[in-house]
Amino acid sequence: MSRKLQSAVAAGIFSLIASVGAAEAATTVKFWHSFNKSNGQALDKIIANFEAANPDIDVEAEFVGNYNDITAKLQAAIPARRAPDAVILEVTRYGLFANNNILTDLTPYFDADPLKADLYDYAKEVGVINGKNYVVPFNSSTPVLYFNKDIFTRAGLPADTPLKTFDEIMTAAKTVSEKLGSEGISGIAAPGQFARWGLVMANDSELVDPMSGEILLDKPNTIEAYQWMASLVHENKVASPDGVTEEDNGRDAFLAKKVGMMFNSTGNYGEAKKALGDNLVVRPMPCNKACSVPIGGAGIGIMATSPKDVQDAAYKFVSYAASPEANAIWFAATGYLPINKKSAELPVAKEALATQPGIDVAIDSLPNAHGRARTTVVTWMRTTEYKMWQAMALGQRGVDETMKDFAEQTRAEEKRVGN
């Protein structure tokens, strides 16, 4: 073998060894999330961009189900030592983990991160419990009211039909059901839990006071809101009970053009636009007694059990995911709110705002948007609310009796778990 060939072979071997060594040296961050379909594709793009800029970090992303699934699976994974390093956690439920020292206190990272100054105030607030930062927001949302313009037209309702109060929405839902019910079209989808919380706020109340933690489930305005919501299904029959027992059924029926209206997250905008095209109309949530909407969505937390070098790598990803570049991609693809003040100025976000009517409705609602309680008991309360809602909406129990019982149970659970 010639000296030149020997040198070339040696160089090739050295290069191979170096690349293998670099790959082995990469820090892996196991990341659980709740995004599939088009939202999952947008997340994949963000992760690919991050890994290209940070070749020493490998984000091992895994879709594990919806927010409820993540909470349940994380609770099971922790004692089995199978927890991820980073995880998407819904903004009212991460307190269960933060208050039990399961999440890393991100305050030192966040305070030293220039990103902090770029986030909207609401985005900074949703990650804080007792002055400490436990999640950095990724997907933030408010509920909005979607309707199908074609269905409205066929039912004789103009595109500017008033939909600001409970009565106006009920009237429109009844009209659609009466005119198009023979075609298998119903007026409105049964509201999901995020929308139910929003409708309670629109009636000038709350489920749990976000500042004091007081349980408000049995307050008159809360009960009144649930009476109206339940009447959509049981009394007035303008919403299908299928959407009560399985919330996604209502959304899917709307996307299939079998429902005139639905209350849902801004995060459903991308799929709704794809399904309905120019027939999709987006309105703010009603202002029945107050103009008030909840901030929803989730943030990314980091597990306290992960090694420090993995926590450091995970925070790099968390910070990037909230950067203008990543957030603009996410907003344009999904309809989730911008969390970064600089996102809307980037070309991909500008194009979305210019070409996708309705994507800006939630942004316009931000002056009326509020963070919700995130005390430990909220996770239990939200799990139990599904059963209570089904009993009321399906006519199995009276609303007044159910909500008072629900409030008593929640107060008892709060005493048991503490905050």
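J.: Quick rundown of helix H9 (residues 166-180)? Include the residues and the values.
T.: Taking 1.5 Å as the rise per residue, H9 with 15 residues should run 21 Å; its terminal C-alpha atoms sit 21 Å apart, in good agreement. When we look at burial in H9, the residues that qualify are Phe166, Ile169, Met170, Ala172, Ala173, Thr175, Val176, Ser177 and Leu180. Contacts from the buried residues of H9 go to strand E7 (143-148), helix H8 (149-154), strand E8 (186-188), helix H10 (193-202), helix H11 (220-233) and strand E9 (259-265).

J.: Explain unusual backbone geometry to me, and be specific about the residues and the numbers.
T.: Backbone geometry places Asn101, a non-glycine residue, at a positive phi of 60°. Here Asn101 is to be found in the loop between helix H4 (95-98) and helix H5 (107-111). Phi at Asn130 is positive, roughly 50°, even though this residue is not glycine. Mapped onto the secondary structure, Asn130 falls in the loop between strand E4 (128-129) and strand E5 (132-133). Judged by its relative accessible area of 70%, Asn130 falls in the exposed class.

J.: Go over the sheet that holds strand E2 (residues 57-63) with me, naming the residues and quoting the values.
T.: Spatial strand order, E2-E1-E3-E12-E6: 5 strands in an open sheet with mixed pairing. This sheet does not close on itself; its edge strands, each paired only once, are E2 and strand E6 (136-141). On average, adjacent strands in this sheet sit at an angle of 20° to one another, irrespective of strand direction. Sheet analysis places E6 next to strand E12 (residues 296-302), joined by 5 bridges and oriented antiparallel. Following the sheet pairing, Ser141 is matched in E12 by Gly296. Strands strand E1 (27-33), E2, strand E3 (86-90), E6 and E12 of the sheet are contacted by helix H15 (residues 308-321), whose axis makes an angle of about 55° with E1.

J.: How would you sum up the packing of aromatic side chains? Please name residues and give values.
T.: Scanning the entire structure with this criterion turns up 14 aromatic pairs. Ring geometry for Phe138 and Trp330: centres 4.6 Å apart, planes at 40°, overall tilted. On the criterion of sequence distance, the pair formed by Phe138 in strand E6 and Trp330 in helix H16 (residues 324-334) is long-range, its members being 192 residues apart. Each of the two residues, Phe138 as well as Trp330, counts as buried. Taken together, the ring pairs connect Phe31, Phe50, Phe317 and Tyr320 into an aromatic cluster. Directly above the aromatic system of Trp197 lies the positively charged group of Arg372, at a separation of 4.6 Å from the ring centroid.

J.: Please set out the state of the cysteines residue by residue, giving values where relevant.
T.: Following the criterion strictly, the structure yields 1 disulfide and no others. Covalently, Cys287 is tied to Cys291 through a disulfide, its sulfur atoms 2.1 Å apart. Taking the torsion about the sulfur-sulfur bond, which here is approximately 120°, the covalent link between Cys287 and Cys291 counts as right-handed.

J.: Account for the layout of surface pockets, with residues named and values stated.
T.: The probe, sized like a water molecule, is rolled over the atoms to show the empty space still left. Counted as a void, the largest pocket has a volume near 1,200 Å³. Those elements that provide at least two residues to the lining of the largest pocket are helix H2 (37-53), helix H3 (67-77), H10, helix H12 (242-245), helix H13 (247-255), E9, E12 and helix H19 (377-393). Its residues assigned to classes, the lining of the largest pocket comprises 14 nonpolar, 18 polar and 12 charged. The calculated volume of the second largest pocket comes to roughly 320 Å³. Along the wall of the second largest pocket there are 16 residues; nearest its centre are Val128, Pro210, Met211, Ala373 and Arg374.

J.: Any chance you could break down the sheet that holds strand E10 (residues 280-283) for me, citing the residues and the numbers?
T.: The 4 strands lie next to each other as E8-E9-E7-E10, forming an open sheet whose pairing is mixed. One side of each edge strand has no neighbouring strand; the edge strands of this open sheet are E8 and E10. In this sheet, adjacent strand axes meet at a mean angle of 25° when their direction is disregarded. Note that E8 and E9 share 2 bridges and pair parallel. By the bridge assignment for E9, Ile188 is matched with Met261. Taken strand by strand, H9 contacts E7, E8 and E9, and its axis lies near 165° from that of E8.

Rules used in this analysis
- Residues numbered from 1 in each chain as written.
- Predicted model: local features only at pLDDT ≥ 70, side-chain atom pairs only at ≥ 80, totals over all residues.
- Heavy atoms only, no water.
- Helix = DSSP H or I, 4+ residues; strand = E, 2+ residues; numbered from the N terminus.
- Expected span 1.5 Å × (residues − 1).
- Buried < 20%, exposed > 50% of the residue type's maximum accessible area, 1.4 Å probe, protein only.
- Contact = heavy atoms within 4.5 Å.
- Pairing = 2+ DSSP bridges.
- Axes fitted to C-alpha atoms, helices over the stretch in contact; angles between N-to-C directions.
- Phe/Tyr/Trp six-rings, centres within 6.5 Å; stacked < 30°, edge-to-face > 60°.
- Lys NZ or Arg CZ within 6 Å of the ring centre and 35° of its normal.
- Disulfide = S-S within 2.5 Å.
- 1 Å grid on protein atoms, 1.4 Å probe; cavity = no way out; pocket = protein on both sides within 12 Å on 5 of 7 lines; lining within 4 Å.
- Points joined across faces, edges and corners; volume = space filled by probe spheres on them.
- Nonpolar A, V, L, I, M, F, W, Y, C, P; charged D, E, K, R; others polar.

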